Amino acid sequence: MNGSYDVLVVGGGPGGAVAARTAAEAGLSVLLVEKRSAVGVPVRCAEGIGKDHLLEFIEPDPKFISAEIDTAVFVGPDGENFTLKSRSAGELIGYTLNRKVFDRELIWKAAEAGAEIQTHARAAEPILEGDRICGAVIEQHGKRFTVRAKVVIAADGVESKFAKWAGIDTTIPLSEIETCAQYVVNDIDIDEKANRFSFSFEDAPGGYIWVFPKGNRCANIGVGILGTKSGEGCRARDYLDRFIEKNYPNGKITELIVGGVSVCRPLAETAADGLLITGDAARLSDPLTGCGIYNAMFSGKLAAETAVSAVKNGDTSKKALMAYDKAWRESGMGKALVRNYAVKEAFLHLNDDKLNSIIHSMQNRKIEEISVR
């Protein structure tokens with residue numbers, strides 16, 4: 001680990017890996033630090049991504065594709081459902097990834113491009129010159145290292161501290177965070193090409209239940225609920241256990257994953273002097289679905305491209321780096337976040353009777369041209 005780099009990337013998830021690769025391919029010196037001892041674990045993700053979204057960044061490979069999905073099934077509170085096939089299901093179908101392999105593949109590509117990768121390396125505090133972020137103190141194996149950088153890219157997830165260190169309000173109201181629990185369940189009867197989304201304010205208040213196939217008789221099955229709905233006996237895992245007992249009582253649970261997903265608006269600003277904030281750290285997960293893999297990679301690439309331009313122009317001020325903030329907000333991703341936040345807010349004012357009526361109204365219709373939106 002050297003004392004200085006053009007770019008320091010904090011976080012080894014998909015967004016950080018793509019950012020590191022993009023900056024390194026442009027000829028910058030890059031250090032990526034990941035606080036965990038291994039990239040890709042633990043997996044706090046349902047692992048779904050649309051085909052077109054994946055293709056923007058990497059060719060699909062059987063080693064990190066657990067299942068190919070061509071159908072989305074929406075289930076109402078009373079059990080009635082309607083189905084969208086691949087032509088009209090858009091980003092809700094595509095692939096279920098094996099994130100443990102996928103994340104490492106992205107990191108390897110960043111390393112091949114010339115980025116230095118350090119695991120079990122935590123950004124403990126920023127290096128500040130006035131209000132400017134100039135790097136970070138990195139803790140690794142009981143030692144502390146001072147690493148200076150012209151630009152820091154914070155890609156360290158929903159718990160990121162860098163934005164807060166830069167004076168940006170990162171508070172997420174309890175009413176705008178989903179608390180989630182997910183099992184990997186084996187030996188169950190499922191349609192191995194269909195993602196299922198179950199909606200019920202009784203079974204998943206303020207969220208939904210998902211069943212994402214992972215191959216032969218195996219699926220990620222999870223529940224997300226609003227933070228304000230969580231409490232003794234009604235936490236996300238409690239709802240999940242009840243769903244599993246009712247629908248897959250003989251399934252074999254081999255893994256438990258828990259975590260939180262922001263469903264709020266993005267940060268008011270995602271750039272500061274010497275700093276760019278991406279993915280979940282910038283609150284860029286989809287507020288309607290909670291999905292975040294694509295948004296992390298998209299914002300990571302855009303942040304790196306902005307950093308490359310800033311470093312080569314010798315101007316890494318907030319004014320120069322705000323080009324990133326403007327670009328993602330004006331992109332299709334940024335516009336989708338605005339729209340889906342509004343849809344999410346409307347959804348929260350529904351009830352199970354209204355959800356049932358919506359599901360029933362879609363049955364027996366030929367849905368070929370309309371989109372999920």
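None of the values given here were measured: they were computed from a predicted structure.

Caption draft 1: Broad picture of the packing of helix α8 (residues 318-330) against helix α9 (residues 332-347). It is the contact of α8 with α9, at a shortest axis distance of 4 Å, that shows an interaxial angle of 65 degrees. Here α8 is positioned roughly perpendicular relative to α9, judged by the angle of their axes. Of α9, the residues touching α8 (which contributes Trp328, Arg329 and Glu330) are Gly332, Met333, Gly334, Lys335 and Leu337. Split into classes, the residues belonging to the contact of α8 with α9 amount to three nonpolar, two polar and three charged.

Caption draft 2: Spotlight on the sheet that holds strand β14 (residues 208-215). Ordered in space as β6-β5-β13-β14-β15-β12-β16, the seven strands form an open sheet in which the pairing is mixed. Only two strands of the sheet have a single partner each, and these edge strands are β6 (81-85) and β16 (252-262). Taking the axes of each pair of neighbouring strands and ignoring which way they run, one obtains an average angle of 20 degrees across the sheet. Of the pairings in the sheet, the one linking strand β5 (residues 71-75) to β6 comprises five bridges and is antiparallel in character. Within β6, the residue paired with Val75 across the bridge is Asn81. This element, helix α6 (residues 236-247), spans β12 (177-186), β14, β15 (218-226) and β16 of the sheet and lies at about 35 degrees to β12.

Caption draft 3: How the structure looks around unusual backbone geometry. Even without glycine at this site, Glu47 takes up a positive phi of about 75 degrees. Relative to the helices and strands, Glu47 resides in the loop between β2 (30-34) and β3 (48-50). Glu47 sits in the buried class, given a relative accessible area of 3%. Even without a glycine there, the phi angle at Asp187 is positive, about 60 degrees. Relative to the assigned elements, Asp187 resides in the loop between β12 and β13 (194-198).

Caption draft 4: Quick look at the pairing of β12. Of all 10 residues in β12, seven are buried; the element is thus mostly enclosed. For β12 and β16, the ladder comprises 10 bridges, and the chain directions are antiparallel. Its bridge partner being in β16, Gln182 is matched across the sheet by Ile257. In terms of strand pairing, β12 meets β15 through nine bridges, oriented antiparallel. Bridge pairing in β15 places Ala181 opposite Val223.

Caption draft 5: View of the sheet that holds strand β4 (residues 65-68). Read from one edge of the open sheet, three strands run β3-β7-β4, paired in antiparallel fashion. Two strands lie at the open edges of the sheet, namely β3 and β4, each paired on one side alone. Neighbour-to-neighbour, the strand axes of the sheet open up by a mean angle of 30 degrees, direction not taken into account. The pairing of β3 with strand β7 (residues 94-97) spans three bridges and is antiparallel. Bridging across to β7, Ile49 finds its partner in Tyr95.

Caption draft 6: Spatial organisation of the environment of Ser160. Tracing the backbone through its elements, the reader meets Ser160 in the loop between β11 (143-154) and α5 (162-165). Among residues more than four places away in sequence, those in contact with Ser160 are Ala154 and Ala281. Engagement of the side chain of Ser160 in a polar contact is seen with the side chain of Asp156, the distance being 2.7 Å.

Caption draft 7: Broad picture of helix α10 (residues 352-362). Residues Asp352, Leu355, Asn356 and Ile359 constitute the buried set of α10. Along α10, the residues classed as buried sweep out an arc of 100 degrees about the axis, all on the same side. Of the surrounding secondary structure, the elements contacted by the buried residues of α10 are β5, β6 and α9. By the N-cap criterion, in which a side-chain oxygen at the helix start approaches the backbone nitrogen of a residue two or three places on, α10 is capped by Asn351, the distance to Asp353 being 3.1 Å. Positive phi shows up at Asn364, right after α10, with a value of about 60 degrees.

Caption draft 8: Region of interest: the side chain of Ser262. Note on placement: Ser262 falls in strand β16. Exposure remark for Ser262: the relative accessible area of 1% places this residue in the buried category. Setting aside its immediate chain neighbours within four residues, Ser262 contacts Val158, Ile172, Glu176, Ile177, Arg283 and Ser285.

Caption draft 9: Fine view of the pattern of salt bridges. On inspection of all chains with the given rule, the structure shows 23 salt bridges. With a closest N to O distance of 2.6 Å, Arg144 and Glu139 form a salt bridge. Here Arg144 falls in the partly exposed class, since its relative accessible area comes to 49%. The shortest N-O distance in the salt bridge between Asp189 and Arg217 comes to 2.4 Å. Residue Asp189 is found in the loop between β12 and β13, and its partner Arg217 is found in the loop between β14 and β15; the two are separated by 28 residues along the sequence. Since its relative accessible area comes to 64%, Asp189 is described here as exposed.

Caption draft 10: Just the pairing of strand β1 (residues 4-10), in detail. Of all seven residues making up β1, six are buried, and the element is well covered by its neighbours. Sheet topology places β1 next to β11; six bridges connect them, and they run parallel. Counterpart to Tyr5 in the pairing with β11 is Ala149. Inspection of the sheet shows β1 paired to β2 by four bridges, in the parallel sense. Directly across from Val10, in β2, lies its bridge partner Val33. Since β1 and β2 lie parallel, the crossover through helix α1 (residues 14-25) that links them has a hand, and here it is right-handed.

Rules behind the numbers
Residues numbered from 1 in each chain as written. Predicted model: local features only at pLDDT ≥ 70, side-chain atom pairs only at ≥ 80, totals over all residues. Heavy atoms only, no water. Axes fitted to C-alpha atoms, helices over the stretch in contact; angles between N-to-C directions. Helix = DSSP H or I, 4+ residues; strand = E, 2+ residues; numbered from the N terminus. Parallel < 35°, antiparallel > 145°, perpendicular 65-115°, else oblique. Contact = heavy atoms within 4.5 Å. Nonpolar A, V, L, I, M, F, W, Y, C, P; charged D, E, K, R; others polar. Pairing = 2+ DSSP bridges. Buried < 20%, exposed > 50% of the residue type's maximum accessible area, 1.4 Å probe, protein only. Polar contact = N/O pair within 3.5 Å; in protein donor to acceptor, adjacent residues only side chain to side chain. Arc of directions from axis to C-beta. Salt bridge = Lys/Arg side-chain N within 4 Å of Asp/Glu carboxyl O. Right-handed = clockwise from strand over helix to strand, strands pointing away.

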